[in-house]
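Overview (structure and organization)
Residues per chain are reported as follows:
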Amino acid sequence: MRYASVVVDIATRALDEPFDYVVPEGLAGACVVGATVLVTFSHRHAVGYVVALADEAPAGVEAGRLLPVEAVLAAPAFDEAGARVALWLAREYACPPADAVRLFLAPGQTVKVTRAGEGAPWELVCESSGPVDERWVALGEAAEGFRPRANASRQRQVIEALEAGPMRLAELAATAGAVSQTVAALERRGVVRVWRARHVRGQGGTSLSSAVAARPRELTRGQRAALAAIDEAREAAAGDVVLVDGVTGSGKTEVYLDAIEHALAAGRGAIVLVPEISLTPQTVGRFRSRFGDEVAVLHSRLSAGERFDQWDLARRGEARVVVGARSALFAPVADLGLIVIDEEHEGSYKQDKSPRYHAREVAARLAAERGCALVLGSATPSLESLRRCEVGSWRGARWRRVEMRERPGGARLPEVRVVDMASQFRGGRRSVFSAPLAEALEGVRDRREKAVLLLNRRGFSNFLMCRDCGCVPECPHCSCALTYHERTHTLECHTCGRSWPQRAYPDPTTRCPNCGSRYMAAYGVGTERVEDELRLLLGDGVEVIRMDADATRRKGAHQELLERFDAAECAVLVGTQMIAKGLDFPEVTLVGVVNADTTLKLPDFRAAERTYDLLEQVAGRAGRGGAAGEVIIQTYWADHPAIQAVARHDRDVFLAYELEDRRDSGYPPFSRAANAVVWGRDARAVAASADELARLVREEVGGEGGWEVLGPTDCVKARVKDRVRRHVVVKAPLDADLGPVLSRCAARLPRRQGIRMALDVDAYDFM
Ligand SMILES: Nc1ncnc2c1ncn2[C@@H]1O[C@H](COP(=O)(O)OP(=O)(O)OP(=O)(O)O)[C@@H](O)[C@H]1O
Ligand SMILES: [Zn+2]
C-alpha cells in the first residue's frame with residue numbers, strides 16, 4: 001500500500017498541515033508528488049496536491065481509517081524538492097500551505113470543487129489553458145502532376161498560395177476564404193498534406209537594436225572574477241550565493257549569460273529573474289539572442305495561454321533557461337544549476353498579496369534544496385544581502401560578494417551635479433527645470449543626442465493644495481491625497497480609482513472645498529506637465545516620449561515606446577520609476593532627475609535606501625556608450641547622504657549613515673520586521689482584533705531578547721475603500737521563527753465578522 005500526504009485546498013479554513021490518504025492500486029502510477037488530486041475532506045469533495053508519498057502508513061494513524069485518493073486531476077507540476085520548499089514557504093510567510101503550493105502549478109490551470117449554493121451538489125470545475133494545436137498545410141506528393149479543373153478556382157487559389165511554402169490553415173483561410181472543404185478534397189488525392197504542429201504562444205520579437213547580446217571580445221577583470229565565483233558555487237552544489245556587486249553598466253548581464261552557458265554545458269538549467277518592470281523586450285532579447293529556443297519567458301503581461309505554453313516548454317525540457325518575473329522561480333526546470341536574480345534590491349521581489357514571499361529568500365531555499373547556485377546582481381545591493389556577505393554566511397549557505405567597479409571598454413560613470421531647487425526658487429526661477437538642467441537639455445538638442453528624465457512619482461507629488469488654508473483634497477473613502485490630472489482636470493484616487501472634476505488655480509471656477517479660496521493650485525509636477533514644458537523648451541526638433549503608468553497600460557505599449565526612443569535621432573524619454581532600470585541605450589548622454597527627494601519623505605524605514613537605489617540606477621543610464629554622460633539631480637535636500645552618495649558614486653557615504661540608523665532602531669538588516677494589518681468597516685471590531693493580536697504576540701515572545709511589538713496604531717493609509725486599518729509591527733532577531741509565531745497568534749484570535757487580517761513577514765510595505 002502507498003500513502004499520500006496531501007495539501008487540501010479549501011480556502012475557508014486555516015489548514016496548516018497536509019493530510020494523509022491511501023493511494024488505491026489503480027492510481028499508483030498517476031498519483032505522484034506534484035499531482036493534483038480529488039479527495040474527501042470532512043464529508044465533502046476537495047482538491048488537493050500530493051506533497052509526499054510513503055510505503056508505510058503514517059505513524060499514529062490507523063491505516064484502515066484513512067480515506068482513499070479518489071482521482072488524479074492534473075499531471076505533476078513539481079517534485080519532492082518543490083514540495084519541501086512550498087511547505088517551508090507556508091511556515092516562513094505564515095500562509096496556508098495551499099497558497100504556497102499553488103505557486104508551483106501550471107499557469108492558468110485551476111481546478112476547484114464548488115457548488116451553486118447550500119445543498120446543491122458539489123461540482124468539479126477545471127479551467128485550464130492547455131496546449132494549442134495548429135493545423136498546417138503544404139503541397140503533397142501528387143501536387144506535381146495535378147491540374148485543377150477550369151471551374152475549380154478555389155483549388156487553384158489554394159495551390160498557388162502553397163507554392164510559396166507551408167502555411168497554417170488559419171492563415172490560408174485568411175487569404176483564400178473558406179477553404180476547409182477544398183483542402184480536405186485535395187488531401188484525399190494527395191495533392192496537399194495536412195498535419196498538426198504545436199504552436200507556442202508568447203514568442204514576440206522586437207526591432208530594438210540593443211536587444212541582441214553580441215559576445216564581447218574580452219571580459220573585464222571584474223567579470224572574470226564574478227564568473228569564476230559563480231562556477232565555483234555551482235560546482236559546490238550546496239546553495240551557495242554570489243552577490244555580483246557591479247556598478248551600472250559594468251556588464252552584469254554578460255556575466256549571467258556566460259554563467260548560464262557554463263551551466264548548460266554541464267547539463268544544468270537556469271532560472272533568471274528580472275523585475276517585472278524591466279522585463280522589456282530588450283532584456284528578453286539579450287537572452288534569446290544567446291540561447292535561442294532554449295529560452296522560455298514568463299511574466300504577467302502574457303495571457304494565461306501564453307504563460308502556459310512557456311511554462312510547458314520548461315516542463316518538457318525543451319527550454320532549459322527560464323527568464324521571468326518573480327513567479328518564474330517556480331518554473332519546472334529540470335536539473336537546475338543556477339538561479340539568477342537581477343536587480344536583487346528591487347522591492348517588487350516581495351509579493352504584496354498572500355503568499356507574501358520574497359523571491360530572494362525563496363530562491364536561497366530552492367538553491368539549497370536543489371543543490372544549485374544563487375547569483376544576486378545589482379549596482380545597489382540590498383542592505384540585507386550586503387550584510388550577509390559581510391558575515392559570510394546565512395542559514396547555512398555561503399554568501400560571497402564580488403565587485404565590478406568598472407565599465408567595460410573605457411566607458412566612464414557619468415558626472416553627477418546636484419542642483420538645490422530652493423536657491424533656484426529664491427533666484428526667481430519658476431520652471432520645472434532648473435537653469436543647469438534646461439541648459440543641458442538644450443545641449444542635447446543642439447548635439448542631436450538623447451536624454452532620460454526621471455520624475456520621482458511615488459510620494460506626494462502632483463496634488464492640489466489651497467494656498468490660503470493648506471487643505472489638500474483627500475479621498476473621502478481612502479485616507480490619501482488625491483492626484484491631480486491636468487489633461488482631464490480631474491482629481492483621482494489612486495487607491496480606489498474614484499475621480500472628481502476639478503480645475504486648478506488660475507481657472508476662475510476653482511474653489512477650495514474647505515475655505516472657498518480661489519488659490520487651489522497644483523503642487524508638485526506630473527509627467528504630463530514635464531512633457532508640456534519640455535516641448536516648450538526644446539521646440540519641434542526633439543521627439544518627446546512619455547512613459548508612465550497611463551502611457552503603458554495597453555499591451556505592447558511599453559515596447560513600442562522604447563522602440564520609438566531607440567529609433568529616434570534625437571529624443572527625450574520622460575518617465576516615472578519604470579525608466580530607471582535596465583535600459584541600455586549608448587546614445588543617452590544626459591539623465592535629469594526632476595524631483596529627487598519625494599521618496600525621502602515617505603514614512604518607511606527603507607525610504608532613504610529606495611531613494612538612493614533609484615537615483616544611482618537612473619544615473620547609470622547615462623554615458624554607457626563612447627560619449628561621456630552627465631547627470632543632473634534637482635532636489636530640496638541636497639545634503640542628504642542618499643543624494644550625496646550618488647553625487648560622488650560612493651555608496652559608503654550612504655551606508656555609514658543608514659546602517660547606524662538601522663542598528664540603533666533595530667531594523668533590518670540587523671533584525672526581522674513583520675507587519676500585521678487588520679481592517680474592516682467596523683472601527684471598534686478592528687481595534688479589538690488588533691489589540692488582541694498585539695497582546696497575544698506579547699504574551700508569546702514578551703521578555704525574549706530581540707523581540708519588540710509596536711502598536712497597534714493606525715496605518716498611514718488609515719482608511720482604504722471605507723475600511724479602517726490598524727497595524728502591529730513585530731521586530732524579531734534574525735534567527736527567530738517569526739512566521740510560525742505570528743500564525744499561532746493569529747489562529748488563536750477570535751473570529752469577528754467582516755474583519756480581515758494580513759500577516760506580512762519581512763515586510764516591505766508598512767503603510
Ligand atoms: N566585456 C565587455 N566588453 C565590452 N562590452 C561589454 C562587455 N560586457 C558588457 N558589455 C556591454 O556593456 C553594456 C553594459 O552591460 P550590461 O547592460 O550587462 O550592464 P549591467 O551591469 O547589467 O548594467 P545595469 O546594472 O546598468 O543594467 C552592454 O551594452 C554590454 O553589451
Ligand atoms: Zn479612494
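Rules behind the numbers
Residues numbered from 1 in each chain as written. Chains lettered and ligands numbered in written order. Predicted model: local features only at pLDDT ≥ 70, side-chain atom pairs only at ≥ 80, totals over all residues. Heavy atoms only, no water. UniProt positions renumbered as here; feature names shortened; annotations may be inferred. Helix = DSSP H or I, 4+ residues; strand = E, 2+ residues; numbered from the N terminus. Rg over C-alpha atoms; globule rule 2.2 N^0.38 Å. Contact = heavy atoms within 4.5 Å. Areas by Shrake-Rupley, 256 points an atom, 1.4 Å probe, with all protein chains shown as cover. Lys, Arg positive; Asp, Glu negative; His and termini not counted. Charge placed at Lys NZ, Arg CZ, Asp CG, Glu CD. Near = heavy atom within 4 Å. Polar contact = N/O pair within 3.5 Å; in protein donor to acceptor, adjacent residues only side chain to side chain. Nonpolar A, V, L, I, M, F, W, Y, C, P; charged D, E, K, R; others polar. Domains from an automatic or database assignment. Expected span 1.5 Å × (residues − 1). Buried < 20%, exposed > 50% of the residue type's maximum accessible area, 1.4 Å probe, protein only. Arc of directions from axis to C-beta. Salt bridge = Lys/Arg side-chain N within 4 Å of Asp/Glu carboxyl O. Core = buried A, V, L, I, M, F, W, Y, C linked by side-chain atoms within 4.5 Å. Pairing = 2+ DSSP bridges. Axes fitted to C-alpha atoms, helices over the stretch in contact; angles between N-to-C directions. pLDDT = per-residue confidence, 0-100.

An unreviewed UniProt entry lists the chain under the name Replication restart protein PriA, from Olsenella absiana. Under the Function (unreviewed entry) heading, UniProt states for the chain: "Initiates the restart of stalled replication forks, which reloads the replicative helicase on sites other than the origin of replication. Recognizes and binds to abandoned replication forks and remodels them to uncover a helicase loading site. Promotes assembly of the primosome at these replication forks." The record in UniProt for the chain states the following under Subunit (unreviewed entry): "Component of the replication restart primosome."

Turning to the overall build of the chain, a few remarks are in order. Within the chain, the secondary structure is distributed over 20 helices and 33 strands. A compact globule built from 767 residues should have a C-alpha radius of gyration of about 27 Å, and the chain, at 29 Å, falls within 12% of that. The principal-axis extents of the C-alpha atoms in the chain amount to approximately 85 × 80 × 60 Å. In the chain, once contacts between residues fewer than 6 apart in sequence are set aside, the share between residues at least 24 apart is 73%. Of the accessible surface of the chain, which amounts to about 33800 Å², a share of 48% is contributed by carbon and sulfur atoms. With 102 positive and 104 negative side-chain charges, the chain shows a spacing of 3 Å between the two charge centroids.

Turning our eyes to something else, we now look at the site of ligand 1. Taken together, 19 residues sit near ligand 1, with Glu218, Gln223, Lys252, Asp584 and Arg624 positioned nearest. Within the backbone of Gly249, one N or O atom sits 3.0 Å away from an oxygen atom of ligand 1. In the model, an oxygen atom of ligand 1 is placed 3.3 Å from a nitrogen or oxygen of the Ser250 main chain. Relative to its unbound accessible surface of 640 Å², ligand 1 loses 81% to contact with the protein. Counting residues per element, the shell around ligand 1 draws most heavily on helix α7 (residues 252-265), at three residues. Considering only residue class, the shell around ligand 1 consists of four nonpolar, eight polar and seven charged. Residue contributions to the shell around ligand 1 reach at least three from each of two domains, namely domain 3 (212-409) and domain 4 (411-459 + 526-664).

Spanning 15 residues, helix α18 (residues 651-665) covers 21 Å between terminal C-alpha atoms, matching the ideal 21 Å at 1.5 Å per step. Those residues of α18 that sit buried are Arg651, Phe654, Leu655, Glu658 and Arg662. For α18, the angular spread of the buried residues around the axis is 95 degrees, confining them to a single face. Set apart from the buried face of α18 by more than 90 degrees, the exposed residues are Asp652, Ala656, Glu660, Arg663 and Asp664. Where the residues of α18 are buried, they touch β11 (241-246), α11 (383-391), β18 (397-404), α16 (607-619) and α17 (641-647). For α18, the side-chain oxygen to backbone nitrogen distance between the N-cap and Asp652 is 3.0 Å, and the N-cap itself is Asp650. Directly beyond the C-terminal end of α18, a positive phi value near 65 degrees is found at Gly666.

When their charged atoms lie close together, side chains carrying opposite charge are able to pair. Throughout the structure, instances matching the rule amount to 48 salt bridges. With a shortest N-O distance of 2.9 Å, Arg395 and Glu92 are connected by a salt bridge. Here the residue Arg395 occupies a position in the loop between β17 (393-394) and β18, and Glu92 occupies one in helix α1 (residues 80-92), the gap between them amounting to 303 residues. We classify Arg395 as partly exposed; its relative accessible area is 44%. The partner of Arg448 in a salt bridge is Glu569, and the shortest N-O contact between them spans 3.2 Å.

One can find Leu749 in the loop between α20 (738-748) and β33 (756-760). Separated by 149 residues in sequence, Leu749 and Leu600 place their C-alpha atoms 36 Å apart. Those residues in contact with Leu749 that sit more than four places away from it in its chain are Ser689, Glu692, Leu693, Leu696 and Met757.

Right, let's get into the nonpolar core. The biggest cluster of nonpolar side chains holds 134 residues, and the ones touching the most others in it are Phe78, Leu89, Leu329, Ile339, Val362, Leu374 and Leu573. Of all hydrophobic cores here, the second largest spans 31 residues; its members include Ile260, Ala263, Ala270 and Leu338.

Here the focus is the environment of Glu609. Considering the arrangement of structural elements, one finds Glu609 in helix α16. Glu609 sits in the buried class, given a relative accessible area of 4%. When the C-alpha positions of Glu609 and Ala359 are compared, they lie 19 Å apart, and in sequence the two are 250 residues distant. With residues near it in sequence (within four places) discarded, Glu609 still touches Pro381, Ser382, Leu383, Phe654 and Arg662.

Let us now look at the sheet that holds strand β3 (residues 36-41). Strand pairing in a sheet takes place through backbone hydrogen bonds and is either antiparallel or parallel in direction. Taken in spatial order, the five strands of this open sheet run β2-β1-β4-β3-β5, and their pairing is antiparallel. One side of each edge strand has no neighbouring strand; the edge strands of this open sheet are β2 (19-23) and β5 (71-74). For this sheet, the mean inter-axis angle between neighbouring strands, taken without regard to orientation, is 50 degrees. Of the strand pairs in this sheet, strand β1 (residues 2-8) and β2 are connected by five bridges, and their pairing is antiparallel. Paired with Ala4 across the two strands is Tyr21, which belongs to β2.

Here the amide bond leading from Ser354 into Pro355 is cis, since omega sits at -5 degrees, within 30 degrees of zero. By secondary structure assignment, the location of Pro355 is in the loop between β15 (336-342) and α10 (359-370). Of note, the bond from Pro668 into Pro669 is cis; its omega dihedral lies within 30 degrees of zero at 10 degrees. On the secondary structure map, Pro669 appears in the loop between α18 and β30 (672-680). The phi torsion at Glu343 lies on the positive side, around 50 degrees, for a residue other than glycine. Its location among the elements puts Glu343 in the loop between β15 and α10. A relative accessible area of 6% means that Glu343 is categorised as buried. The backbone of Arg448 shows a phi angle near 55 degrees, a positive value even though the residue is not glycine. Checked against the element boundaries, Arg448 lands in the loop between α13 (435-447) and β20 (450-454).

The UniProt feature table records "binding site: Zn(2+) 1" (unreviewed entry) at Cys466, Cys469, Cys512 and Cys515. Their sequence span is 50 residues, while the largest C-alpha to C-alpha distance among them is just 8.6 Å; these annotated residues converge on one region. You can see Cys469 is positioned in the loop between β21 (463-466) and β22 (483-485). Beyond its immediate chain neighbours, meaning those up to four positions away, Cys469 contacts Cys512, Asn514 and Cys515.

This paragraph deals with the confidence of the model for the chain. Mean pLDDT over the chain stands at 86; residues scoring 70 or higher make up 90%. Here the predicted complex scores 0.83 on pTM and 0.96 on ipTM.

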